[in-house]
Amino acid sequence: MTSKPDRVVLIGVAGDSGCGKSTFLRRLEDLFGAELMTVICLDDYHSLDRKQRKEAGVTALDPRANNFDLMYEQIKALKNGETINKPIYNHETGLIDPPEVVHPNHIVVIEGLHPLYDERVRSLLDFSVYLDISDEVKIAWKIQRDMAERGHTYEDVLTAIEARRPDFEAYIDPQKTHADVVLQILPTQLIANDEERKILRVRMMQRTGVEGFEPVYLFDEGSTIHWTPCGRKLTCSYPGMKLFYGPDTYYGNQVSVLEVDGQFENLEEMIYVESHLSNTSAKYYGEMTELLLKHRDYPGSNNGSGLFQVLTGLKMRAAYERLTQKTLVGVGL
Ligand SMILES: Nc1ncnc2c1ncn2[C@@H]1O[C@H](COP(=O)(O)OP(=O)(O)OP(=O)(O)O)[C@@H](O)[C@H]1O
Ligand SMILES: O=C(CO)[C@H](O)[C@H](O)COP(=O)(O)O
(Lines give C-alpha, C1' and ligand atoms only; values in the text may rest on other atoms or scores of the structure.)
(Ligands and ions follow the chains in the order given, each with its own letter.)
Protein backbone atom coordinates (compact mmCIF):
# COMPACT_ATOMS: atom_id res chain seq x y z
CA MET A 1 0.00 0.00 0.00
CA THR A 2 1.31 3.46 -0.87
CA SER A 3 -0.22 5.99 1.53
CA LYS A 4 -3.04 5.80 4.05
CA PRO A 5 -6.27 6.48 2.17
CA ASP A 6 -8.52 9.32 3.36
CA ARG A 7 -11.46 7.68 1.65
CA VAL A 8 -11.63 4.00 0.68
CA VAL A 9 -13.61 3.48 -2.53
CA LEU A 10 -15.33 0.10 -2.64
CA ILE A 11 -16.03 -1.63 -5.94
CA GLY A 12 -18.01 -4.84 -6.48
CA VAL A 13 -17.37 -7.29 -9.32
CA ALA A 14 -19.97 -10.05 -9.30
CA GLY A 15 -20.42 -13.13 -11.43
CA ASP A 16 -20.30 -16.89 -11.53
CA SER A 17 -17.01 -18.76 -11.71
CA GLY A 18 -15.44 -18.57 -15.17
CA CYS A 19 -17.35 -15.49 -16.29
CA GLY A 20 -14.32 -13.28 -16.90
CA LYS A 21 -13.83 -11.63 -13.49
CA SER A 22 -10.05 -12.14 -13.49
CA THR A 23 -9.75 -10.64 -16.97
CA PHE A 24 -11.81 -7.65 -15.88
CA LEU A 25 -9.66 -7.18 -12.76
CA ARG A 26 -6.50 -7.17 -14.85
CA ARG A 27 -7.99 -4.33 -16.89
CA LEU A 28 -8.90 -2.44 -13.70
CA GLU A 29 -5.31 -2.67 -12.56
CA ASP A 30 -4.30 -0.67 -15.65
CA LEU A 31 -6.53 2.16 -14.54
CA PHE A 32 -5.77 2.23 -10.83
CA GLY A 33 -2.31 0.68 -10.68
CA ALA A 34 -1.61 -2.41 -8.56
CA GLU A 35 -0.37 -0.27 -5.65
CA LEU A 36 -3.60 1.61 -5.09
CA MET A 37 -5.92 -1.37 -5.43
CA THR A 38 -6.55 -4.33 -3.14
CA VAL A 39 -8.69 -7.20 -4.39
CA ILE A 40 -10.63 -9.37 -1.98
CA CYS A 41 -11.98 -12.63 -3.30
CA LEU A 42 -15.21 -13.34 -1.46
CA ASP A 43 -14.60 -17.10 -1.69
CA ASP A 44 -12.55 -16.39 1.44
CA TYR A 45 -15.81 -15.98 3.34
CA HIS A 46 -16.93 -19.57 2.70
CA SER A 47 -17.89 -20.75 6.17
CA LEU A 48 -18.06 -24.41 5.18
CA ASP A 49 -15.07 -26.07 3.61
CA ARG A 50 -15.38 -28.44 0.66
CA LYS A 51 -15.92 -31.54 2.80
CA GLN A 52 -18.45 -29.81 5.06
CA ARG A 53 -20.42 -28.58 2.04
CA LYS A 54 -20.50 -32.07 0.65
CA GLU A 55 -21.73 -33.47 3.96
CA ALA A 56 -24.38 -30.76 4.30
CA GLY A 57 -25.43 -31.14 0.65
CA VAL A 58 -24.98 -27.44 -0.15
CA THR A 59 -22.95 -25.70 -2.85
CA ALA A 60 -20.60 -22.75 -2.34
CA LEU A 61 -23.23 -20.56 -3.98
CA ASP A 62 -25.67 -21.21 -1.14
CA PRO A 63 -25.68 -18.39 1.45
CA ARG A 64 -25.59 -21.06 4.18
CA ALA A 65 -22.04 -21.91 3.07
CA ASN A 66 -20.88 -18.29 3.50
CA ASN A 67 -20.35 -16.04 6.48
CA PHE A 68 -22.07 -12.78 5.51
CA ASP A 69 -21.88 -11.33 9.03
CA LEU A 70 -18.10 -11.55 8.97
CA MET A 71 -17.96 -10.32 5.37
CA TYR A 72 -19.99 -7.26 6.30
CA GLU A 73 -18.00 -6.52 9.46
CA GLN A 74 -14.66 -6.81 7.67
CA ILE A 75 -15.58 -4.90 4.50
CA LYS A 76 -17.10 -2.16 6.64
CA ALA A 77 -13.91 -2.03 8.71
CA LEU A 78 -11.75 -1.74 5.58
CA LYS A 79 -13.98 1.02 4.30
CA ASN A 80 -13.52 2.80 7.60
CA GLY A 81 -9.75 2.58 7.14
CA GLU A 82 -9.20 -0.30 9.57
CA THR A 83 -6.96 -3.33 9.12
CA ILE A 84 -8.61 -6.75 9.14
CA ASN A 85 -7.71 -10.40 9.65
CA LYS A 86 -9.34 -11.96 6.62
CA PRO A 87 -9.94 -15.70 6.41
CA ILE A 88 -8.54 -17.59 3.40
CA TYR A 89 -10.35 -20.28 1.45
CA ASN A 90 -7.78 -22.57 -0.13
CA HIS A 91 -8.98 -23.81 -3.52
CA GLU A 92 -6.13 -26.34 -3.74
CA THR A 93 -7.06 -28.19 -0.56
CA GLY A 94 -10.70 -27.14 -0.18
CA LEU A 95 -9.92 -26.10 3.41
CA ILE A 96 -10.11 -22.82 5.31
CA ASP A 97 -6.56 -21.62 6.02
CA PRO A 98 -5.39 -19.35 8.88
CA PRO A 99 -6.33 -15.71 8.29
CA GLU A 100 -4.14 -13.04 6.70
CA VAL A 101 -3.78 -9.35 7.53
CA VAL A 102 -5.32 -6.98 4.98
CA HIS A 103 -4.78 -3.23 5.22
CA PRO A 104 -7.21 -0.71 3.78
CA ASN A 105 -6.24 0.70 0.40
CA HIS A 106 -7.45 3.54 -1.81
CA ILE A 107 -9.55 1.16 -3.89
CA VAL A 108 -10.84 -2.09 -2.48
CA VAL A 109 -12.45 -4.46 -4.96
CA ILE A 110 -14.63 -7.26 -3.68
CA GLU A 111 -15.06 -9.91 -6.35
CA GLY A 112 -16.77 -13.25 -6.51
CA LEU A 113 -20.11 -14.94 -6.26
CA HIS A 114 -21.85 -12.67 -3.74
CA PRO A 115 -20.70 -9.02 -3.65
CA LEU A 116 -24.28 -7.77 -4.09
CA TYR A 117 -26.15 -10.50 -2.22
CA ASP A 118 -26.17 -9.15 1.34
CA GLU A 119 -28.01 -5.88 1.69
CA ARG A 120 -25.51 -4.58 4.27
CA VAL A 121 -22.46 -5.33 2.11
CA ARG A 122 -24.23 -3.93 -0.95
CA SER A 123 -24.91 -0.64 0.82
CA LEU A 124 -21.15 -0.15 1.30
CA LEU A 125 -20.39 -0.33 -2.44
CA ASP A 126 -19.55 2.80 -4.41
CA PHE A 127 -19.82 1.15 -7.84
CA SER A 128 -20.62 -2.34 -9.04
CA VAL A 129 -20.67 -4.52 -12.12
CA TYR A 130 -22.33 -7.89 -12.70
CA LEU A 131 -20.88 -10.14 -15.40
CA ASP A 132 -23.86 -11.89 -16.92
CA ILE A 133 -22.86 -14.69 -19.25
CA SER A 134 -25.52 -16.62 -21.13
CA ASP A 135 -25.52 -20.36 -20.65
CA GLU A 136 -24.35 -21.10 -24.18
CA VAL A 137 -21.31 -18.85 -23.82
CA LYS A 138 -20.58 -19.99 -20.25
CA ILE A 139 -20.45 -23.60 -21.40
CA ALA A 140 -18.18 -22.75 -24.34
CA TRP A 141 -15.73 -20.75 -22.16
CA LYS A 142 -15.70 -23.35 -19.38
CA ILE A 143 -15.12 -26.12 -21.85
CA GLN A 144 -12.20 -24.28 -23.44
CA ARG A 145 -10.59 -23.49 -20.09
CA ASP A 146 -11.39 -26.53 -17.96
CA MET A 147 -10.59 -29.06 -20.66
CA ALA A 148 -7.37 -27.33 -21.76
CA GLU A 149 -6.04 -26.23 -18.36
CA ARG A 150 -7.71 -28.37 -15.70
CA GLY A 151 -7.94 -31.79 -17.30
CA HIS A 152 -11.77 -31.98 -17.15
CA THR A 153 -13.87 -33.82 -19.72
CA TYR A 154 -16.74 -32.29 -21.69
CA GLU A 155 -19.21 -34.25 -19.52
CA ASP A 156 -17.52 -33.02 -16.29
CA VAL A 157 -18.03 -29.42 -17.36
CA LEU A 158 -21.68 -29.87 -18.27
CA THR A 159 -22.40 -31.80 -15.06
CA ALA A 160 -20.73 -29.10 -12.95
CA ILE A 161 -22.74 -26.33 -14.61
CA GLU A 162 -26.00 -28.27 -14.22
CA ALA A 163 -25.29 -29.04 -10.56
CA ARG A 164 -24.81 -25.33 -9.83
CA ARG A 165 -27.80 -24.14 -11.83
CA PRO A 166 -30.53 -24.10 -9.11
CA ASP A 167 -28.37 -22.18 -6.64
CA PHE A 168 -27.01 -19.96 -9.39
CA GLU A 169 -30.56 -18.99 -10.31
CA ALA A 170 -31.63 -18.55 -6.68
CA TYR A 171 -28.68 -16.64 -5.24
CA ILE A 172 -26.24 -15.37 -7.87
CA ASP A 173 -28.22 -14.27 -10.90
CA PRO A 174 -30.68 -12.00 -8.98
CA GLN A 175 -27.76 -9.78 -7.95
CA LYS A 176 -27.75 -8.26 -11.41
CA THR A 177 -30.81 -6.22 -10.48
CA HIS A 178 -28.62 -4.24 -8.05
CA ALA A 179 -25.57 -3.55 -10.22
CA ASP A 180 -24.73 -0.15 -11.72
CA VAL A 181 -23.53 -1.90 -14.87
CA VAL A 182 -24.43 -5.35 -16.18
CA LEU A 183 -22.25 -6.79 -18.95
CA GLN A 184 -24.38 -9.30 -20.77
CA ILE A 185 -22.60 -11.77 -23.03
CA LEU A 186 -24.81 -13.56 -25.52
CA PRO A 187 -24.44 -15.59 -28.70
CA THR A 188 -24.35 -13.53 -31.89
CA GLN A 189 -27.52 -12.76 -33.81
CA LEU A 190 -25.54 -12.21 -37.00
CA ILE A 191 -25.36 -15.90 -37.90
CA ALA A 192 -27.52 -18.89 -37.04
CA ASN A 193 -24.92 -21.49 -36.05
CA ASP A 194 -21.79 -20.36 -34.28
CA GLU A 195 -21.21 -23.56 -32.33
CA GLU A 196 -17.91 -22.43 -30.80
CA ARG A 197 -19.48 -19.17 -29.57
CA LYS A 198 -16.57 -17.22 -30.98
CA ILE A 199 -18.74 -14.38 -32.25
CA LEU A 200 -20.48 -12.61 -29.39
CA ARG A 201 -23.23 -10.12 -28.89
CA VAL A 202 -22.33 -8.05 -25.84
CA ARG A 203 -24.59 -5.57 -24.09
CA MET A 204 -23.59 -2.96 -21.52
CA MET A 205 -26.67 -2.15 -19.43
CA GLN A 206 -25.96 1.10 -17.60
CA ARG A 207 -28.31 2.14 -14.87
CA THR A 208 -29.55 5.69 -15.26
CA GLY A 209 -30.26 8.14 -12.45
CA VAL A 210 -27.31 6.98 -10.33
CA GLU A 211 -25.58 9.95 -8.73
CA GLY A 212 -22.32 10.78 -10.50
CA PHE A 213 -22.64 8.00 -13.09
CA GLU A 214 -23.10 9.30 -16.62
CA PRO A 215 -23.77 6.44 -19.03
CA VAL A 216 -21.73 6.16 -22.23
CA TYR A 217 -23.76 6.85 -25.36
CA LEU A 218 -23.49 6.58 -29.10
CA PHE A 219 -24.14 9.65 -31.30
CA ASP A 220 -27.09 11.19 -29.47
CA GLU A 221 -28.01 10.73 -25.82
CA GLY A 222 -31.47 9.25 -25.29
CA SER A 223 -32.04 8.31 -28.94
CA THR A 224 -32.26 4.79 -30.28
CA ILE A 225 -29.44 4.13 -32.73
CA HIS A 226 -28.66 1.15 -34.95
CA TRP A 227 -25.22 1.54 -36.49
CA THR A 228 -23.47 -0.68 -39.00
CA PRO A 229 -20.00 0.86 -39.04
CA CYS A 230 -18.37 -1.56 -41.51
CA GLY A 231 -17.02 0.20 -44.56
CA ARG A 232 -14.21 2.56 -45.35
CA LYS A 233 -13.27 3.36 -41.74
CA LEU A 234 -13.87 0.06 -39.98
CA THR A 235 -12.80 -3.25 -41.43
CA CYS A 236 -15.26 -6.06 -40.75
CA SER A 237 -14.95 -9.63 -41.91
CA TYR A 238 -17.80 -12.17 -42.03
CA PRO A 239 -20.37 -11.97 -40.41
CA GLY A 240 -19.98 -8.22 -40.03
CA MET A 241 -20.76 -6.02 -37.06
CA LYS A 242 -23.70 -4.12 -35.63
CA LEU A 243 -23.81 -1.57 -32.84
CA PHE A 244 -26.89 -0.47 -30.96
CA TYR A 245 -27.62 2.20 -28.39
CA GLY A 246 -30.90 3.04 -26.71
CA PRO A 247 -32.92 3.35 -23.51
CA ASP A 248 -34.59 0.32 -21.93
CA THR A 249 -36.10 -0.98 -18.70
CA TYR A 250 -34.22 -3.74 -16.89
CA TYR A 251 -35.91 -5.41 -13.91
CA GLY A 252 -37.83 -2.24 -13.24
CA ASN A 253 -34.81 0.05 -13.55
CA GLN A 254 -34.21 2.56 -16.33
CA VAL A 255 -31.03 1.69 -18.23
CA SER A 256 -29.04 2.95 -21.19
CA VAL A 257 -27.96 0.05 -23.35
CA LEU A 258 -24.90 -0.10 -25.58
CA GLU A 259 -24.51 -3.20 -27.70
CA VAL A 260 -21.88 -4.64 -30.03
CA ASP A 261 -22.58 -7.75 -32.08
CA GLY A 262 -19.62 -9.13 -34.02
CA GLN A 263 -15.89 -8.65 -33.80
CA PHE A 264 -13.37 -5.96 -34.58
CA GLU A 265 -11.00 -6.98 -37.32
CA ASN A 266 -8.36 -4.35 -36.65
CA LEU A 267 -8.11 -3.04 -33.09
CA GLU A 268 -6.26 0.13 -34.18
CA GLU A 269 -9.50 1.17 -35.87
CA MET A 270 -11.28 1.30 -32.49
CA ILE A 271 -10.38 4.98 -32.50
CA TYR A 272 -13.13 5.35 -35.10
CA VAL A 273 -15.68 3.80 -32.71
CA GLU A 274 -14.29 5.87 -29.83
CA SER A 275 -14.80 9.04 -31.84
CA HIS A 276 -18.53 8.28 -31.97
CA LEU A 277 -18.93 7.50 -28.26
CA SER A 278 -19.60 10.21 -25.67
CA ASN A 279 -19.32 10.25 -21.87
CA THR A 280 -16.64 7.55 -21.96
CA SER A 281 -14.82 9.12 -18.97
CA ALA A 282 -11.55 8.77 -20.89
CA LYS A 283 -9.11 11.51 -19.93
CA TYR A 284 -8.22 12.25 -23.56
CA TYR A 285 -9.37 11.25 -27.01
CA GLY A 286 -7.80 7.88 -27.78
CA GLU A 287 -7.36 6.63 -24.22
CA MET A 288 -10.09 4.00 -24.56
CA THR A 289 -8.46 2.63 -27.73
CA GLU A 290 -5.00 2.65 -26.12
CA LEU A 291 -6.31 0.68 -23.13
CA LEU A 292 -7.72 -1.93 -25.47
CA LEU A 293 -4.59 -2.08 -27.60
CA LYS A 294 -2.41 -2.48 -24.54
CA HIS A 295 -3.87 -5.93 -23.91
CA ARG A 296 -4.94 -7.12 -27.31
CA ASP A 297 -4.06 -10.63 -26.10
CA TYR A 298 -6.68 -10.65 -23.32
CA PRO A 299 -9.77 -12.75 -24.10
CA GLY A 300 -12.50 -10.65 -25.64
CA SER A 301 -10.28 -7.74 -26.72
CA ASN A 302 -11.61 -7.93 -30.26
CA ASN A 303 -15.29 -7.83 -29.34
CA GLY A 304 -17.76 -5.98 -27.15
CA SER A 305 -16.65 -7.77 -23.98
CA GLY A 306 -13.19 -6.15 -24.02
CA LEU A 307 -14.59 -2.80 -25.12
CA PHE A 308 -17.24 -2.73 -22.40
CA GLN A 309 -14.84 -3.96 -19.72
CA VAL A 310 -12.63 -0.98 -20.56
CA LEU A 311 -15.60 1.42 -20.50
CA THR A 312 -16.79 0.02 -17.15
CA GLY A 313 -13.27 0.41 -15.76
CA LEU A 314 -13.23 4.04 -16.91
CA LYS A 315 -16.53 4.60 -15.08
CA MET A 316 -15.03 3.06 -11.92
CA ARG A 317 -12.05 5.40 -12.20
CA ALA A 318 -14.43 8.34 -12.64
CA ALA A 319 -16.32 7.25 -9.50
CA TYR A 320 -13.05 7.04 -7.57
CA GLU A 321 -11.98 10.52 -8.70
CA ARG A 322 -15.36 12.00 -7.91
CA LEU A 323 -15.55 10.48 -4.44
CA THR A 324 -11.99 11.27 -3.43
CA GLN A 325 -11.57 14.52 -5.36
CA LYS A 326 -8.25 13.04 -6.52
CA THR A 327 -6.95 12.69 -10.06
CA LEU A 328 -5.17 9.54 -11.15
CA VAL A 329 -2.45 10.57 -13.54
CA GLY A 330 -0.70 8.37 -16.01
CA VAL A 331 -1.41 4.98 -14.45
CA GLY A 332 -3.44 3.86 -17.41
CA LEU A 333 -0.60 3.84 -19.89
N1 LIG B 1 -14.27 -11.88 -23.03
C2 LIG B 1 -13.95 -13.16 -23.20
N3 LIG B 1 -14.01 -13.72 -24.41
C4 LIG B 1 -13.71 -15.03 -24.59
N5 LIG B 1 -13.36 -15.86 -23.58
C6 LIG B 1 -13.29 -15.34 -22.36
C7 LIG B 1 -13.58 -13.97 -22.08
N8 LIG B 1 -13.43 -13.74 -20.76
C9 LIG B 1 -13.08 -14.90 -20.23
N10 LIG B 1 -12.99 -15.87 -21.18
C11 LIG B 1 -12.68 -17.28 -20.99
O12 LIG B 1 -13.20 -17.67 -19.73
C13 LIG B 1 -12.14 -18.17 -18.90
C14 LIG B 1 -12.39 -17.64 -17.49
O15 LIG B 1 -12.11 -16.27 -17.44
P16 LIG B 1 -11.62 -15.63 -16.08
O17 LIG B 1 -10.50 -16.43 -15.51
O18 LIG B 1 -11.36 -14.18 -16.35
O19 LIG B 1 -12.95 -15.82 -15.22
P20 LIG B 1 -13.21 -15.83 -13.65
O21 LIG B 1 -14.60 -15.36 -13.45
O22 LIG B 1 -12.14 -15.07 -12.96
O23 LIG B 1 -13.10 -17.35 -13.30
P24 LIG B 1 -12.82 -18.09 -11.88
O25 LIG B 1 -13.63 -17.39 -10.85
O26 LIG B 1 -13.28 -19.48 -12.14
O27 LIG B 1 -11.34 -18.00 -11.68
C28 LIG B 1 -10.84 -17.67 -19.54
O29 LIG B 1 -9.79 -18.58 -19.37
C30 LIG B 1 -11.20 -17.55 -20.99
O31 LIG B 1 -11.01 -18.78 -21.61
O1 LIG C 1 -17.64 -20.82 -7.43
C2 LIG C 1 -16.57 -20.91 -6.90
C3 LIG C 1 -15.64 -19.72 -6.83
O4 LIG C 1 -16.00 -18.71 -7.66
C5 LIG C 1 -16.12 -22.17 -6.30
O6 LIG C 1 -16.88 -23.22 -6.79
C7 LIG C 1 -16.22 -22.13 -4.79
O8 LIG C 1 -15.42 -21.08 -4.28
C9 LIG C 1 -15.75 -23.45 -4.19
O10 LIG C 1 -14.43 -23.70 -4.53
P11 LIG C 1 -13.86 -25.17 -4.72
O12 LIG C 1 -14.63 -25.77 -5.86
O13 LIG C 1 -12.39 -24.96 -5.04
O14 LIG C 1 -14.07 -25.89 -3.43
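The following refers to the structure shown. (Residues numbered from 1 in each chain as written. Chains lettered and ligands numbered in written order. Predicted model: local features only at pLDDT ≥ 70, side-chain atom pairs only at ≥ 80, totals over all residues. Heavy atoms only, no water.)

### A word on the site of ligand 1
The environment of ligand 1 is formed by 13 residues, the closest being S17, G18, S22, T23 and S305. Note that a nitrogen atom of ligand 1 is positioned 3.4 Å from one of the backbone N or O atoms of P299. Contributions of two or more residues to the shell around ligand 1 are made by α1 (21-32) and α5 (135-149). When residues in the shell around ligand 1 are grouped by element, the largest group, three residues, is from α1. Here the shell around ligand 1 is composed, by residue class, of three nonpolar, seven polar and three charged. (Near = heavy atom within 4 Å. Polar contact = N/O pair within 3.5 Å; in protein donor to acceptor, adjacent residues only side chain to side chain. Helix = DSSP H or I, 4+ residues; strand = E, 2+ residues; numbered from the N terminus. Nonpolar A, V, L, I, M, F, W, Y, C, P; charged D, E, K, R; others polar.)

### Concerning the environment of K294
Position of K294 among the secondary structure elements: in helix α8 (residues 287-294). The spacing of K294 and R27 is 267 residues in sequence and 9.7 Å in space, taken between C-alpha atoms. Reaching out from K294, the side chain makes a polar contact with the side chain of D30 at a distance of 3.4 Å.

### Points about the state of the cysteines
As used here, a disulfide is simply a covalent bond connecting the sulfur atoms of two cysteines. All chains considered together, the criterion is met by one disulfide. Residue C230 pairs covalently with C236 via a disulfide, S to S 2.2 Å. Every disulfide takes its handedness from the sign of the S-S torsion; for C230 and C236 that torsion is -85 degrees, giving left-handed. On the basis of relative accessibility, which here comes to 24%, the residue C236 falls in the partly exposed class. No disulfide involves C19; its sulfur sits 14 Å from the nearest other cysteine sulfur, which is in C41. For C19, a relative accessible area of 4% puts it in the buried group. In this structure C41 comes out as partly exposed when scored by relative accessible area, which is 21%. (Disulfide = S-S within 2.5 Å. Buried < 20%, exposed > 50% of the residue type's maximum accessible area, 1.4 Å probe, protein only.)

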